[in-house]
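Fold and geometry: a report
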Amino acid sequence: MRPSTGLPLLLLLAATTLGWNLGGYRLLDPDEGRNGEVAREMAQTNDYLVPHLDGLPYLDKPIVYFAASAALMEILGPSELAARLPAYLATLGTIALLVSFAGRRWGRTAGWLAGIAYATMTLPFAYAHVAIFDSLLALCTTAAIVCFFEERTTLSWLAMGVGAVTKGPIALAIPLTVVVAEGLVTGAPLRRVASLRAFAVFALVTLPWFLTVTRKFPEFPAYVFVTETARRFTTRSFHRTGPVWYYIPIFLLGAFPWIVPACARLNGWRAAWAARREAGTREALWLACWVLAPLVLLTLNHSKLPQYVLPLMPAIALAAARTLATTGATTAWRWYAVIATLLGVAFILLPGRTGSPLSLTPAERAAMVPAGIAVGAVLIGSAAGLVLAARRQDILLAALAYAAIIIALPFSTAALMRAVGDDRSAAQLAAGVLPVLERAAREGNPATVLGVAAYPPSLPFYLGRTITVATATADELTSNYVVAYQERYRSMQGSPLKPLAFWQATLAACSTPTVFVARADNRDARAALAALPLIAQDYHHVAYGPCFPAPRTRRGTSGE
C-alpha cells in the first residue's frame, strides 16, 4: 500500500481507536466526577450561564466544557460517554488542525504524519478520555499559535477567547509566551501579536459571559485574577507544588513515542541558532519556542499538574512529521528500537514485581500484570517494526510502528481501566444507595442523602440528585470558590452546606428518612452509625441507613 493511501487510513484507524472505550469505565473522582456532576446539573436546570455543583455556584472554571457536556447529556442522557465526548472531539479538532497546517507547509505526507503523531502520543491519548478541560484548551492554544505563525492575528485572538472561557487566562499565556519567545529569538516582528480588530473579537467572545457572571457575583473578577491566577502561580496554597524538574519526565513520557523522531535533528541546534535570523530556520526555532517557552512558564508556576503540558504536544507532533517527511523511515530508528525494547521488557517484568507495595484493589492488581505484558509486547513489536521499516525505507510501516503502541492501548488496558474506574468512582456506592431511595419514594416517604464530612464527587452524578453535606470547611466539595465564600452559601435558604454537628442531630432526631455517607476511615462516624444498616461500601466510603422517624403515639393511648 502506498503512503498516499495508507497514511490517511492509518490516521482514520488511530482516530477511531482514540475514542474506543470512551464510556467503558466510571468517571474518576475527583475531577471527572465533579465535572460530570456540574454538567448534569446544568442539563437538568437548563442554566447554561452559571455552572453549579451540588446546587451551589461553581465558578472555579469557565463555562464552555460544562455547556458542551451538558448539551450532549440532553441528547445522550447523563453518562460517562456524554461527559467525556467533548474532550475526544476537541482532540479530533486538534488532529485536523495539525494535518491541515503541516500539509500546507511541508506536503501531504507530513500532514498525515502530524495527525497520526498527535493521535498516537501518550498524553493526548490519555486526556482525550478524561472529562476535563485540557484537550479543549490544547485545541484553542494550537489554533492560536498556528494562526500567529501564519500572521492571522484576529483568528488567534478568537481561539484564545474560546480558550479563556474554557479554562481561563492560561489560554492567553501559552500562545503569547510562544510568539514573544519566537520574536525575541528570530527577530520576527511582534506587531502581528495584536490589533484593534483582534482585541474586539476577543472581547466579543469573552466579555458577555464574564460581565454577566460578574453582575450576579461581584467577587468573580477578584476571584479569577487574584485567587485562581495570581495566587495559583505565585504561592503554594493550592498544594500542587513540585520540584523544578517536575515536568521533565511527564513531558518525555507524554510525548512518547514521537518525541524520538521529533528530537532527531537536535544535534544541529548550534547551526540553527547561528542562522536564527534567516528565514529557512524559522520553523525549527518556532517549534522549539513552542515547547521551551511554555515549559519555563509552567515550571515557574507553583501549581503543577501533568495535564498542563498537553498544549506542548502539538509541537512535538509537527516536529516529528517534519523530520520524518524529510529524512524518511531511517530517522533515529536505532535510538527508538533500543528505547522501546527496554521499555517493553520493563512493562513485562516490573508490574508483577512492584505491584504489591502499591495501594491497589484486588481487581487492579489482577488487571495490572496482563496489561503490562500486553503493552510490553506491543512495545517490543513496535521496535522490531521500525527496524524493518528502516531497512525497507518504508515510511508507512514506520508510522505504523510508532502508532501501534497507542492504537493497542485502549484494548490492552480495558480491564485495568474498568478496575481503576470502580476504585476511583462512587458508582458502586450509588448502586447500593439508589434502590433505598427509590423504595422510600415509592412508599411516599422520600429519603435524603447526608454526607458526614464526605462528598464523593461522582455520587450525585450516579444518584441523579444533589446531596446535603455536614462539613466544617466545605473542602469536601473540592471547589476553591465554595470554600472561599462558604459562609455566604451556608446561610442561603436550602443550602446543602450544614455545620459538621448537623449529622449527629439528624441521626438523633431523624425527622425524615436519611441515608448517611461517611469516609471509610472515619471511625467515629462509623461507630455512631453502626446501629443503622450498612447498605453500601467501596474502598473509600460507606453508606448507612436509612434512619426512619419514630412513629407517633396516638393521644389517649400509651405503651404501658
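Parameters at a glance
- Residues numbered from 1 in each chain as written.
- Predicted model: local features only at pLDDT ≥ 70, side-chain atom pairs only at ≥ 80, totals over all residues.
- Heavy atoms only, no water.
- Helix = DSSP H or I, 4+ residues; strand = E, 2+ residues; numbered from the N terminus.
- Rg over C-alpha atoms; globule rule 2.2 N^0.38 Å.
- Buried < 20%, exposed > 50% of the residue type's maximum accessible area, 1.4 Å probe, protein only.
- Phe/Tyr/Trp six-rings, centres within 6.5 Å; stacked < 30°, edge-to-face > 60°.
- Lys NZ or Arg CZ within 6 Å of the ring centre and 35° of its normal.
- Disulfide = S-S within 2.5 Å.
- Salt bridge = Lys/Arg side-chain N within 4 Å of Asp/Glu carboxyl O.
- Pairing = 2+ DSSP bridges.
- Axes fitted to C-alpha atoms, helices over the stretch in contact; angles between N-to-C directions.
- Parallel < 35°, antiparallel > 145°, perpendicular 65-115°, else oblique.
- Left-handed = near helix turned anticlockwise from the far one by under 90°.
- Contact = heavy atoms within 4.5 Å.
- Nonpolar A, V, L, I, M, F, W, Y, C, P; charged D, E, K, R; others polar.

Take the overall build of the protein chain next. For the protein chain, the count of helices and strands is 26 helices and eight strands. Against the 2.2 N^0.38 benchmark of 24 Å for 560 residues, the protein chain shows a C-alpha radius of gyration of 26 Å, consistent with a compact globule. In terms of overall dimensions, the protein chain has C-alpha extents of about 100 × 55 × 40 Å along its principal axes. For the protein chain, the proportion of its 560 residues judged to be buried stands at 53%.

Here we come to the packing of aromatic side chains. Counted under the stated rule, the structure contains 22 aromatic pairs. Ring centres of phenylalanine 101 and tryptophan 106 lie 6.0 Å apart, and the angle between their planes is 85°; on these two criteria the pair is classed as edge-to-face. The pair phenylalanine 101 / tryptophan 106 is uniform in exposure class, with both members buried. Taking 6.0 Å as the distance between ring centres and 25° as the angle between the ring planes, the aromatic pair formed by phenylalanine 256 and tyrosine 336 counts as stacked. With a gap of 80 residues between them, phenylalanine 256 in the loop between helix H12 (247-254) and helix H13 (259-262) and tyrosine 336 in helix H17 (residues 333-354) connect regions that are remote in the sequence. Tyrosine 336 matches phenylalanine 256 in its accessibility class, with the two residues each being buried. The structure contains a cluster of three or more aromatic residues connected by ring pairs, namely Phe101, Trp106, Phe149, Trp286 and Trp290. The cationic tip of arginine 84 hangs over the ring face of tyrosine 25; the distance from NZ or CZ to the ring centre is 4.1 Å. It is lysine 498 that lies over the ring of phenylalanine 502; its NZ or CZ is 5.6 Å from the centre.

What follows covers the state of the cysteines. Considering all chains together, one arrives at one disulfide under this definition. The disulfide bridge from cysteine 510 ends at cysteine 547, spanning 2.1 Å between sulfur atoms. Taking the torsion about the S-S bond as the criterion, the cysteine 510 to cysteine 547 disulfide, at about 100°, is right-handed. Residue cysteine 510 is located in the loop between helix H25 (502-509) and strand E6 (514-519), and its partner cysteine 547 is located in strand E8 (residues 541-547); the two are separated by 37 residues in the primary sequence. A relative accessible area of 4% places cysteine 510 in the buried class. Given a relative accessible area of 4%, cysteine 547 falls into the buried group.

Before going further, it helps to examine the pattern of salt bridges. Going through the model one piece at a time under the given rule, you end up with eleven salt bridges. Among the salt bridges present, the one from aspartate 31 reaches arginine 34, with a minimum N-O distance of 2.8 Å. Taken together, the positions of aspartate 31 and arginine 34, both in helix H2 (residues 31-45) and three residues apart, correspond to about one turn of that helix. Residue classification places arginine 34 among the buried residues on the basis of a relative accessible area of 9%. Linked by salt bridges that have partners in common, Arg104, Glu150 and Arg152 make up one network.

Among the seven residues that make up E8, seven are buried, leaving the element largely enclosed by the rest of the structure. Judged from the five bridges that link them, E6 and E8 form a sheet pairing that is antiparallel. Its bridge partner being in E8, valine 517 is matched across the sheet by alanine 543. Both strand E7 (residues 534-537) and E8 contribute to a ladder of three bridges, which runs antiparallel. Note on E8: the bridge partner recorded for leucine 534 is tyrosine 544. Adjacent in sequence and paired antiparallel, E7 and E8 are bridged by three residues.

Following both chains from N to C, one finds helix H5 (residues 108-119) and helix H16 (residues 313-327) inclined at 140°, their axes separated by 8 Å at the closest point. Considered as vectors, H5 and H16 are oriented oblique to each other. Taken as a pair, H5 and H16 cross one another with a handedness that is right-handed. Facing Ala110, Leu113, Ala114, Ala117 and Tyr118 of H5, the residues of H16 in contact are Met313, Pro314, Ala317, Leu318, Ala321, Leu324 and Ala325. Each residue belonging to the contact of H5 with H16 can be placed in one class, and the counts come to twelve nonpolar, no polar and no charged.

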